Amino acid sequence: MAEEPKHDQVRSRNEPFTSRTATRIWAEHPSEDNPYIAAKVFCHGYDLIELMEKRSFVDVFYLLFRGELPHRNEAQLLQSLMIALINPGPRHPAVRAAMNVGVGKTDPVHILPIATAVLGGAHRGGGEIEAAMRFLRKHQHDAPTAVAQTILQSRPSADHSTGFGEHFGGVDLMAKTIVQQLLTLPAAGEILRWGNRLAEELEPHGLGWLTTGIAAAVFADLGFHPRAGGCLYQLLGAPGLVAHGLELANKPITAMPFVSDEDYVIES
Amino acid sequence: MSSNPRTHITHSDAGHIARLEQKRGKIFSRTGGWFPGKGVYCHGYSMLEELVGKKSYFQILVLNATGKLIDKPLADWIEGIYGCLSWPDPRIWCNQIGALAGAARTSVVAATTMGSLAADSRSYGPYTLLAGVEFIQDALRQHQAGASAEAIVEKITAANRGKPYIVGYIRPIAKGDERLEAMEKFGKKLGFSVGPHLALAYDIEQVLLRRFDEGMNINGYMSAFLSDQGFTAAEVYQMFAGMVASGVTACYLDTYHRSPDTFLPLRCEDIDYQGAAPRRVPDAD
């Protein structure tokens, strides 16, 4: 280095950080004699104990993220989606990760963070949802035929960020069936219905609804922000991840396949 | 179950199914593997005969992250900058994950890995190196096509309502970056000279200092230096995936060895509730 580079003197920016973290979600009222112990807690203004008495888990789940309790039909739609997504299934990479955690004798409390991180990926995971929600919100008033043409023209490089595509080379039948069930519900919304018309256009070409697309459509119809979509997808799939991880947690390491040396190919 | 067989048609691509069938039960690796009794291989090298004890840990780390076996001085430089990228202050966001994890009595591995994951951020940490390297490599292409450092900065500020939002310059919390001089001295000691990316990075810094009173940060320095060493943005991101780990571990241990709940304890009133006032829960309809 011929000449010493000249840099600025390091100085604090003295940014005006807040003295207290703000939340609109949760209030904790202190006890009389210990400011660290809460005597009552409120979720968006509702007493938690009263919620326990009067409302379902799905109602309070919706309240937590949306700030208001859902209409009965909205709760029914969300609950149906939660059931549909409760387990990505034993062949999904996130569940396989959970199984590896279990059979590897990792502490069971690590199953959830490890497997949900994998379920946050951009293929068949939460990483697709925000883009899919934005895609659906943007195109919900466009002609499905034209949008289908655009998707088909971008094959095979198309990623899954629309919520529609190939699933192992063809149409995901379970996704299609789940949508048919959701469409019978009174709260099935415009975006889900539009998405289904798009899926019908795509189907003869071997493309269709992806599970992530269903989640994106229902989240969008229920008014969730696209930024929340990926996390919600992870949350809704979490029970299946943990169940499969725990199922293998007391099994020997031989309870899962270990690829033989003959089937392990190092490519040059 | 539907009895209509037409509902089970997937319109699948037969070629796609055939490709999946070829991969069933097999692992294909471009990286390496362990063959018990025969050896462990990493990008064509026998790990135990050619790497362990002969190459440094950071040479092996970069080999795993990029497939490139780099020379020792460059590995030493990377080790040096790793020391700059993680320090034991729990006010830093990823480190605070470690401190909170210690307070909550997680395992040290959970704390360290989750803190590292927290640094996968658009504001700081390894993810920002993608944009840092892409910026300086694009800037050099513009420079070689005739654009001055001034013009490169102007193009960006014009697109950002006059703000010099360039990854690698400007830093949260503080202006300037004390790590640059330390690394510049170390780089000189290792025999590295200033390459074209770094030279341009310094020119851009001078423009920013003059016009906005903002300097280069460690991201800008390492993005330019590593670009001069021939790395792509993705390779740099991959090499630094665990760059904050040791500071997170340190912050974890500090709180792990103190009483639970004593790390930044919060009274109920220390949370500023700004939501709905208390209201009656309506019966489910």
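Cut-offs and rules
- Residues numbered from 1 in each chain as written.
- Chains lettered and ligands numbered in written order.
- Predicted model: local features only at pLDDT ≥ 70, side-chain atom pairs only at ≥ 80, totals over all residues.
- Heavy atoms only, no water.
- Phe/Tyr/Trp six-rings, centres within 6.5 Å; stacked < 30°, edge-to-face > 60°.
- Helix = DSSP H or I, 4+ residues; strand = E, 2+ residues; numbered from the N terminus.
- Buried < 20%, exposed > 50% of the residue type's maximum accessible area, 1.4 Å probe, protein only.
- Lys NZ or Arg CZ within 6 Å of the ring centre and 35° of its normal.
- Contact = heavy atoms within 4.5 Å.
- Buried area = accessible area lost by both parts, 1.4 Å probe.
- Salt bridge = Lys/Arg side-chain N within 4 Å of Asp/Glu carboxyl O.
- Pairing = 2+ DSSP bridges.
- Expected span 1.5 Å × (residues − 1).
- Arc of directions from axis to C-beta.

S.K.: Looking at this structure, how should I read the packing of aromatic side chains?
M.R.: Each aromatic ring pair is characterised by the separation of its centres together with the angle its planes make. One pass over the structure, following the stated rule, counts 20 aromatic pairs over all chains. With a centroid separation of 5.8 Å and an interplanar angle of 80°, the aromatic rings of Phe219(A) and Phe224(A) are classed as edge-to-face. Their ring planes at 25° and their centres at 5.2 Å tell us that Tyr252(B) and Tyr256(B) sit as a pair that is stacked. Taken together, the residues Tyr252(B) and Tyr256(B), both in helix α13 (residues 245-256) and four residues apart, mark about one turn of the helix. According to the relative accessible area criterion, Tyr256(B) is partly exposed, its value standing at 35%. Members of the aromatic cluster, joined through ring pairs, are Phe135(A), Phe164(A), Trp194(A) and Trp209(A). Above the ring of Phe28(B), the side-chain terminus of Lys23(B) is found at 5.4 Å from the ring centroid. For the cation-ring pair, Arg105(B) lies above Tyr256(B), with the distance from its terminal atom to the ring centre recorded as 5.4 Å.

S.K.: Looking at this structure, I do not really get the interface of chain A and chain B. What am I missing?
M.R.: Between chain A and chain B, the contact holds 61 residues from the first and 68 residues from the second. Interface area, chain A with chain B, both sides summed: about 5,700 Å², of which 56% is carbon and sulfur. Summed over the shared surface of chain A and chain B, the number is six salt bridges. In this structure, Glu267(A) and Arg30(B) form a salt bridge, with 3.7 Å as the shortest nitrogen-oxygen distance.

S.K.: Is there a simple way to explain the sheet that holds strand β4 (residues 45-46) of chain B in this structure?
M.R.: Either a parallel or an antiparallel arrangement is found when strands of a sheet pair, and the pairing is made through backbone hydrogen bonds. Residue and element names in this part refer to chain B. What the three strands build is an open sheet, ordered β2-β3-β4; its pairing is antiparallel. If you trace the sheet from one side to the other, it starts and ends with β2 (32-35) and β4, each paired once. Here four bridges tie β2 to strand β3 (residues 39-42), and the two strands are oriented antiparallel to one another. Among the inter-strand pairings, Gly33 is bridged to a residue of β3, identified as Tyr41.

S.K.: Explain α13(B) here, please?
M.R.: Think of an α-helix as 3.6 residues a turn; residues three or four steps apart then line up on the same face. Residue and element names in this part refer to chain B. Helix length check: α13, at 12 residues, gives a terminal C-alpha distance of 16 Å against a target of 16 Å (1.5 Å per residue), a fit within 8%. Of the residues making up α13, those classed as buried are Ala245, Gly247, Val248, Cys251, Tyr252 and Thr255. Buried residues of α13, seen end-on, are gathered within an arc of 165° and therefore sit on one face of the element. Against the buried residues of α13 lie α5 (93-103) and α6 (108-118).

S.K.: Hey, could you run me through the pattern of salt bridges in this one?
M.R.: Side chains that differ in charge, positive against negative, can pair when their charged atoms come close. Here the structure, examined in full by the defined rule, presents 26 salt bridges over all chains. The salt bridge involving Lys54(A) is made with Glu50(A); its shortest N-O contact spans 3.0 Å. Here Glu50(A) and Lys54(A) lie together in helix α1 (residues 48-54), a separation of four residues that amounts to about one turn. By relative accessible area, Lys54(A) is classed as partly exposed at 22%. Across the salt bridge formed by Lys68(B) and Glu235(B), the nearest N and O atoms sit 3.0 Å from each other. Of this pair, Lys68(B) sits in the loop between α3 (57-66) and α4 (72-84) while Glu235(B) sits in helix α12 (residues 233-239); the two residues are 167 residues apart in sequence, bridging distant segments of the chain. Relative accessible area serves as the criterion here: at 13%, Glu235(B) is assigned to the buried category.

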